[in-house]
Amino acid sequence: MLPVHIPHVRLAHLNNGCLHLQVNLRFMDLGDEIQRVLRSVGHNLVKLLRHLLWHLLHLAVSTWYFGLDLAHLLQHYLISSGLLRNYKVLNLSNLRCLAIVVDSEEAQHTSRVVELLSWLSAIGVKHVCLYDMEGVLKESKEIILKKLGDARPPEVADERSLFLERKHMVLEFVSLSDGKEGVAKAASFLCSNYLKGASSGEDQEPVFTEPEMTSALRAIGCGGPDPDLLLVYGSARCHLGFPAWRLRYTEIVHMGSLKSMKYGAMIKSIRKFTMVHQNYGS
Amino acid sequence: MVSLQLPLPKINNRIFLHFNPKPASFFSRVRNCSRAFPCKKKSIFASWTAADAIFGGEEETTTTTAEEEWSLPSELRPELMPKHVAVIMDGNGRWARQRNLPTSFGHKAGLRALTDLIDLSCKWGIRVLTVFAFSTENWLRPKLEVDIFMNLFECVLKEELKKLMRQDVRISVIGDSKKLPKSLQKLKTEVEDTTRNNSGLQLIFALSYTGQYDIVEACKSIAEKTKDGMIQPNDITEAVIEQELETNCTKFPHPDLLIRTSGEQRISNFLLWQLAYTELAFVKSLWPDFGKADFVDVLCSFQQRQRRYGGRDS
């Protein structure tokens, strides 16, 4: 019966319509799903490619720096073996005083310090000022002087002889107490002299000058020439409190740790210094 | 200089720690980008300095907002920023000579680079910025060059004062002011008074200054005090001298980081007393070319060293 069928047909129609709708919807869902999956795959692919690119970039940079390190090593080897003509003979006329700052922990390795000093002595450096914060090198002074043989402390060295004619190396030992503490003592020295003048009736303002401070430092035993070059051996890229008064125009080079010191690196730094032109601000 | 910024995964930065920090270069940019950074910039490579703005015209390279341009780069950690940065601004003359320009152009470009550095320092939480503007030895330069520099400095200070007030910058000037032109001396006093109560970045100009001059002046002040009986000569210690130095105008008198441009590796009589434990960064760029990228590079190196060796008293 039609009414009976109609519902069925209708139902069927309806059902078919729904089915269509459902099928369409399912197709749409499927389509959406596929799109979503594709988008996700695409996104992950892009992410993966970015990761890859980033790591490739880092690999390239690491390789570059590795190559640079190798090049430096090779250069240091060539310098040490004397194959590079430019580094064989150094003009040290401008290097009147070389200072070495050593990390106090590394300063305990006296043998390395002695080796470094013997290198310097061999190339003709005439005056070396050794510094570490805690005075470890000061305590090892006798051992170092004995091992070097041809070095003298400033008080014994013949300061009258011309700088380039000296046969031995002058070796100074300096620590934190010669820095700021030394300046404080020099200030105290100057103030005492000023008070003496004031008490004897000279009523004038204190006229301290830089040369007077230099003389005062010398008078209290904290004097010394300004180093032309300062080599810092240690992990920190600072001079660790080296007597500041003497550092006005000193070239400062960080050399890395003492345990990885290289003859070639030292020679390279000294040669670079000999080519520097200073106009002293003018 | 180039700046490479990509959306990056977090990677272990330890493999780079044994490399020595290099001056600003493409490779150092990549090395320093070690943290994930949601990239919003369309342009990846950008190279712009204050010097280009004066002589090369501004390049339209990015579509970033002003805020993004000044925000702390992802490779820098705010908690490891140095409190006090000192700068020796070297290389203005050489920069001008390289371009066949008068030295005054170099100074102009240099002052522009300085204003950019001040902006960055304000945004990135640096508390004190000390710049070596003019050394006592610089008085030996040709009078014309010195006069031009002093006039230029005076003009820029007047022009930038409003902006510096908006940025809450406090200005201090250290050095032998008696040698400065009268107009600059008057301006110095006005500027210091006007900005005295500002609590942001403290900008210290070292003008007609040297480290030895600073120490000697401190000794003179102490000598006056000994004459007045306020202190005995035997009681003079490092701390007493410290209080009399001109850098006593700031809460953080000891720089954490010193930057010197132009490749020279010396302190040149700047803040001798104060630099005992300061990290020294010698950068090859000439001062007018020292831009944001160089500054980021130096700060990254500083922070890496800080990370390795822990804090230190400043």
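By the naming in an unreviewed UniProt entry, chain B goes by Alkyl transferase and is assigned to Protea cynaroides. The Sequence similarities (unreviewed entry) comment attached to chain B in UniProt states, word for word, "Belongs to the UPP synthase family."

The record in UniProt for chain A states the following under Pathway (unreviewed entry): "Protein modification; protein glycosylation." The heading Subcellular location (unreviewed entry) in the UniProt record of chain A holds the text "Endoplasmic reticulum membrane".

With that settled, consider the overall build of chain A. Of regular secondary structure, chain A possesses 8 helices and 6 strands. Along its sequence from the N terminus, chain A presents helices and strands in the succession α-β-α-α-β-α-α-β-β-α-α-β-β-α. Scored against the burial criterion, the 282 residues of chain A give a buried share of 40%. Taking the contacts inside chain A whose residues are at least 6 apart along the sequence as the reference set, 71% of them involve residues at least 24 apart.

As a further point, take the nonpolar core. Nonpolar side chains in soluble globular proteins generally cluster together in the buried interior. Counting residues in each nonpolar core, the largest one holds 49 residues, and the members touching the most others are B:L129, B:F153, B:F205, B:L207 and B:F295. When residues in this core are grouped by element, the largest group, 9 residues, is from helix α6 (residues 143-166) of chain B. If we ignore the near neighbours within four places in the chain, the residues touching B:L129 are B:V85, B:V87, B:L117, B:I118, B:S121, B:L201, B:Q202, B:L203 and B:I204. Within the second largest apolar cluster, 38 residues are counted, among which are A:V136, A:M169, A:Y233 and A:A265.

Residue and element names in this part refer to chain A. For strand β5 (residues 229-233), the tally of buried residues reaches 5 of 5 residues, placing the bulk of the element in the interior. Of the two faces of β5, the one carrying L229, L231 and Y233 and the one carrying L230 and V232 are both buried. Two strands pair when backbone bridges link them, and strand β1 (residues 98-102) and β5 are joined in this way by 5 bridges, in the parallel orientation. Paired with L98 across the strands is L229, a residue of β5. Note that β5 and strand β6 (residues 251-256) share 5 bridges and pair parallel. Across the sheet, L230 pairs through a bridge with I252, a residue of β6.

Sheets are built from strands paired through backbone hydrogen bonds, the pairs being either parallel or antiparallel. All names here are of chain B. On the basis of which strands lie adjacent, the open sheet formed by 6 strands has the order β3-β4-β2-β1-β5-β6 and parallel pairing. Strand pairing shows two members of the sheet lacking a second neighbour, β3 (170-174) and β6 (279-282), which therefore form its edges. The mean inter-strand angle of the sheet, taken between neighbouring strand axes irrespective of direction, is 20°. The pairing of β3 with strand β4 (residues 202-209) spans 5 bridges and is parallel. Considered in β4, the bridge of V173 is made with F205.

Before going further, it helps to spend a moment on the pattern of salt bridges. Scanning all chains against the criterion turns up 21 salt bridges over all chains. Note that B:K178 and B:D176 form a salt bridge whose closest N and O atoms lie 3.4 Å from each other. Judged by its relative accessible area of 64%, B:K178 is exposed. A salt bridge links B:R196 to B:D193; the shortest N-O distance between them is 2.5 Å. On the basis of relative accessibility, which here comes to 43%, the residue B:D193 falls in the partly exposed class. By sharing partners, the salt bridges in this structure join A:E251, B:D90, B:R94, B:R260, B:E264 and B:R266 into a single network.

All names here are of chain A. The parallel open sheet is built from 6 strands, whose spatial order is β3-β4-β2-β1-β5-β6. Of all strands in the sheet, those bounded by a partner on one side alone are β3 (151-152) and β6. Along the sheet face, helix α5 (residues 141-148) touches β3 and β4 (169-174) and points at about 165° away from the line of β4. Its contacts with the sheet put helix α8 (residues 263-274) on β1, β5 and β6, and the angle it makes with β5 is roughly 155°.

Residue and element names in this part refer to chain B. The element strand β2 (residues 128-135) is extensively covered by neighbouring structure, given that 8 of its 8 residues are classed as buried. Relative to β2, strand β1 (residues 84-88) is paired through 5 bridges, and the arrangement is parallel. Each bridged residue has a counterpart across the sheet, and for A86 the counterpart in β2 is T130.

Another aspect to go through is the packing of helix α6 (residues 180-199) of chain A against helix α8 (residues 211-227) of chain B. Direction vectors running N to C along α6(A) and α8(B) enclose 45°, while the axes themselves pass 9 Å from each other. One finds that α6(A) runs oblique with respect to α8(B). Handedness of the α6(A)/α8(B) crossing: right-handed. Residues A:V183, A:A187, A:C191, A:Y194 and A:L195 of α6(A) touch α8(B), and the partners they reach there are B:I215, B:C219, B:I222, B:A223, B:T226 and B:K227. Along the lines of polarity and charge, the residues of the contact of α6(A) with α8(B) split into 9 nonpolar, 1 polar and 1 charged.

Attention now moves to the environment of A:G256. Residues and elements named next belong to chain A. You can see G256 is positioned in strand β6. Along the chain, G256 and G224 lie 32 residues apart, while their C-alpha atoms are 26 Å from each other. Contacts of G256, omitting those with residues within four sequence positions, involve V232, Y233 and G234.

We now examine the side chain of B:T261. Residues and elements named next belong to chain B. You can see T261 is positioned in the loop between β5 (257-260) and β6. For T261, a relative accessible area of 0% puts it in the buried group. Within the structure, the side chain of T261 is placed 2.7 Å from the backbone oxygen of D90, a separation counted as a polar contact. Once you skip the residues sitting within four places of it in the chain, T261 turns out to touch I88, M89, D90, V283, S285, L286, W287 and F290.

Quick notes on the rules
Going along each chain's sequence as written, the residues are numbered from 1 onward. Ligands are numbered from 1 and chains lettered from A, in the order in which they are written. With pLDDT at 70 or above as the cut-off, local features in this predicted model cover only qualifying residues; side-chain atom pairs require 80 or more to be listed or tallied, and sums for whole chains, interfaces and linings still use all residues. Just so you know, side-chain values use all the structure's heavy atoms and leave hydrogens and water out. UniProt positions are given in the numbering used here, feature names are shortened, and annotations may be inferred rather than shown by experiment. What counts as a helix is a DSSP run of H or I of at least four residues, what counts as a strand is a run of E of at least two, and both are numbered from the N terminus. The buried label goes to any residue with under 20% of its type's maximum accessible area, the exposed label to any with over 50%, and the partly exposed label to all in between, with areas taken from a 1.4 Å probe on protein chains only. Here, residues are in contact when the closest pair of their heavy atoms is within 4.5 Å. In this description, a nonpolar core means a group of buried Ala, Val, Leu, Ile, Met, Phe, Trp, Tyr and Cys residues linked to one another through side-chain atoms lying within 4.5 Å. Only strands that DSSP links by at least two bridges are regarded as paired with each other. What counts as an axis is a line fitted to C-alpha atoms, over the stretch in contact for a helix, and the angles between N-to-C directions run from 0 to 180 degrees. Salt bridges are counted wherever a side-chain nitrogen of Lys or Arg sits within 4 Å of a carboxyl oxygen of Asp or Glu. Oblique is the label for any angle not under 35 degrees, not over 145, and not in the 65 to 115 range, which are roughly parallel, roughly antiparallel and roughly perpendicular in turn. By convention the crossing between two helices is left-handed if the near helix lies anticlockwise of the far one by an angle smaller than a right angle, and right-handed if it lies clockwise. The residue classification treats Ala, Val, Leu, Ile, Met, Phe, Trp, Tyr, Cys and Pro as nonpolar and Asp, Glu, Lys and Arg as charged. All others, Gly included, are polar. Whenever a nitrogen or oxygen atom comes within 3.5 Å of another N or O atom, the pair is scored as a polar contact, on the condition that within protein one atom can donate a hydrogen and the other can accept it, and that pairs from neighbouring residues in sequence are kept only if both atoms are in side chains.

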